[in-house]
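These are the residues of each chain, in order.
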Amino acid sequence: MRQPILFLLFGCFFLAGYPQGYEPQEHAVIRATRPDGRLASTYAIVHEMLKDTHPRCAYRPGMTPGAFGQWQDSVRDAMRTLMKFPQVPPQPEPVCIRSEKREGYTLEKWEFYPFPKSVSTFLVLRPDNLKEPIPAILCIPGSGRTKEGLAGEPGVCPALNEDYTNPKTTMALNFVKAGYIAVAVDNAAAGEASDLECYGKGWDYDYEVVSRFLLEMGWSWLGYTSYLDMQVLDWMKNQPSVKKDRIVVSGFSLGTEPMMVLGVLDRTIYAFVYNDFLCQTQERAIVMTKPNRETRRPFPNSIRHLIPDYWNYFNFPDVAASLAPRPLLFTEGGLDRDFRLVESAYRDCGRPDNLEFHHYPKFADPADRKDVEQLPEGLDAAAFFEQANVDPPAHYFKSELVIPWLQKVLR
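Residues numbered from 1 in each chain as written. Predicted model: local features only at pLDDT ≥ 70, side-chain atom pairs only at ≥ 80, totals over all residues. Heavy atoms only, no water.

J.: An account of the nonpolar core is requested, with residue identities and associated values reported.
T.: One finds Met79, Phe122, Leu138, Val183, Phe314, Leu328 and Phe330 to be the most contacted residues of the largest nonpolar core, which totals 72 residues. Ranked by residue count, the leading element in this core is helix α7 (residues 221–237), at nine residues. Sequence-distant contacts of leucine 138, that is, excluding residues within four places in its chain, are made with Val183, Val185, Asp229, Val232, Leu233, Met236, Val248, Val249, Ser250 and Leu262. Listed in part, the 29 residues of the second largest apolar core include Ala151, Ala184, Phe252 and Leu329. (Core = buried A, V, L, I, M, F, W, Y, C linked by side-chain atoms within 4.5 Å. Buried < 20%, exposed > 50% of the residue type's maximum accessible area, 1.4 Å probe, protein only. Helix = DSSP H or I, 4+ residues; strand = E, 2+ residues; numbered from the N terminus. Contact = heavy atoms within 4.5 Å.)

Here it is, written out as structure tokens:
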């Protein structure tokens, strides 16, 4: 009797997953059904609007030095407008609330006060025997990570413990062992800045509600978290032990977004580590149109990535190009098309040697990569990653690439 029951259960699941007459692949690409080509579906109409959106601050290769500087100014002005950093009354100076000796370095915990009635924290890892100012690196984690994990420390509660002994996680600890000052922050709504996650949700941080509140108030999650990170960056510049002209910002995964914001807004940052794949975010939304079994079409990112009006100004490769001529490292590839754009900006600045990029090992050989000028529509998430030369299981902080590169550009 077991086989018929299993067959029946499977059949019910199949029918529940695929409504009668519905096949996801048949609806993967948006097509008009009327002879005049007009669209009735609001999704299809808005999708067409998005395809016809052309960023005002897109990078155009071949700019003269004067035109390039003006373009960088336009990117900075747009980013400043989009991020909407608030004007906050003066708050108390940051305070060190704990200092503990570790092997080869000292771990400090600091408080700072970004808003009235608010407190935030960051960690500082200082190498032993500092005799003069040295380079410092601001470390921004990915979505499920915390400053404690970056520092190789347990979480602020057991539910937030990460694999904090794994060098693929411990960005800040790896940097201090290499001889640099490392400063680690939390993302907004994660780690010590989370709400009730210590009671069970753990790494499944609830960014969504916070992001909705901020969007309803005309702000965004990225604007909020970048504002906090900017406070820490400003603190770093005033530390006697920090070599102020050698401050680096290193972002992992989600952390690459505030890293780029800081880089655009603060010209004094010396170099950048982009530990994620590079893509055109607008294109990602345009081509990921294949619906799932529940007749829902995907959106490529969660609400915490949403910044109203962003796509009207630039895509990620444009923002990365605007960081030229400062040293910039990419560790997890993407489309060669997008790297060619960034490379052209560094050539226009006369510093092509300041740009370095690596692909995932799976796509290290150019023969194994897709090299296209435009991705096809009709993709789901898995197909998008494959088309964009992304290997999700190999996504981690790649110290084996980052630290040798830092030693080269900081010497």
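Next comes the rest of the description.
J.: Can you break down the packing of α7 against helix α8 (residues 256–265) residue by residue, with the values?
T.: In the contact formed by α7 and α8, the axes pass within 9 Å of each other and the chain directions differ by 60°. Considering the angle they form, α7 stands oblique to α8. Seen from above, α7 lies across α8 with right-handed handedness. Listed contacts from α8 to Leu222, Thr225, Ser226, Asp229, Met230 and Leu233 of α7 are Glu257, Pro258, Val261, Leu262 and Leu265. (Axes fitted to C-alpha atoms, helices over the stretch in contact; angles between N-to-C directions. Parallel < 35°, antiparallel > 145°, perpendicular 65-115°, else oblique. Left-handed = near helix turned anticlockwise from the far one by under 90°.)

J.: Mind laying out the pairing of strand β2 (residues 105–112), listing which residues take part and the relevant values?
T.: Counting buried residues in β2 gives seven out of eight residues, a clear majority hidden from the surface. Between strand β1 (residues 95–102) and β2, which pair antiparallel one after the other, the connecting turn spans two residues, and glycine 104 there sits at a positive phi close to 90°. Where β2 and strand β3 (residues 120–127) come together, eight bridges link them in antiparallel fashion. Along β3, the bridge assignment pairs lysine 109 with leucine 123. (Pairing = 2+ DSSP bridges.)

J.: Give me the side chain of serine 211: which residues, what numbers.
T.: With respect to the element layout, serine 211 can be found in helix α6 (residues 207–216). Side-chain polar atoms of serine 211 contact the backbone oxygen of tyrosine 207, separated by 2.7 Å. Non-local contacts of serine 211, meaning those with residues more than four positions away in its chain, are made with Trp221, Ile303 and Arg304. (Polar contact = N/O pair within 3.5 Å; in protein donor to acceptor, adjacent residues only side chain to side chain.)

J.: Account for the packing of aromatic side chains, with residues named and values stated.
T.: Applying the stated criterion across every chain, the model contains 26 aromatic pairs. Pairing tyrosine 310 with phenylalanine 314 gives two aromatic rings, centres 5.0 Å apart and planes at 80°, and the pair type is edge-to-face. For the pair shown, tyrosine 310 and phenylalanine 314 are each scored as buried. Of the aromatic side chains, those joined through ring pairs into one cluster are Phe85, Phe115, Trp219, Tyr224 and Tyr227. (Phe/Tyr/Trp six-rings, centres within 6.5 Å; stacked < 30°, edge-to-face > 60°.)

J.: So what's going on with helix α3 (residues 65–83)? Residues and values would help.
T.: The terminal C-alpha atoms of α3, which comprises 19 residues, lie 27 Å apart, in line with the 27 Å expected from a rise of 1.5 Å per residue. Burial in α3 covers these residues: Phe68, Trp71, Gln72, Val75, Arg76, Ala78, Met79, Leu82 and Met83. Burial along α3 is one-sided: seen end-on, the buried residues are contained in an arc of 165°. Facing away from the buried side of α3 by over 90 degrees, the exposed positions are Gln70 and Thr81. In the core, the buried residues of α3 are packed alongside α7, α8, α10 (316–321) and α11 (336–348). Downstream of α3 by one or two residues, lysine 84 has phi in the positive range, about 55°. (Expected span 1.5 Å × (residues − 1). Arc of directions from axis to C-beta.)

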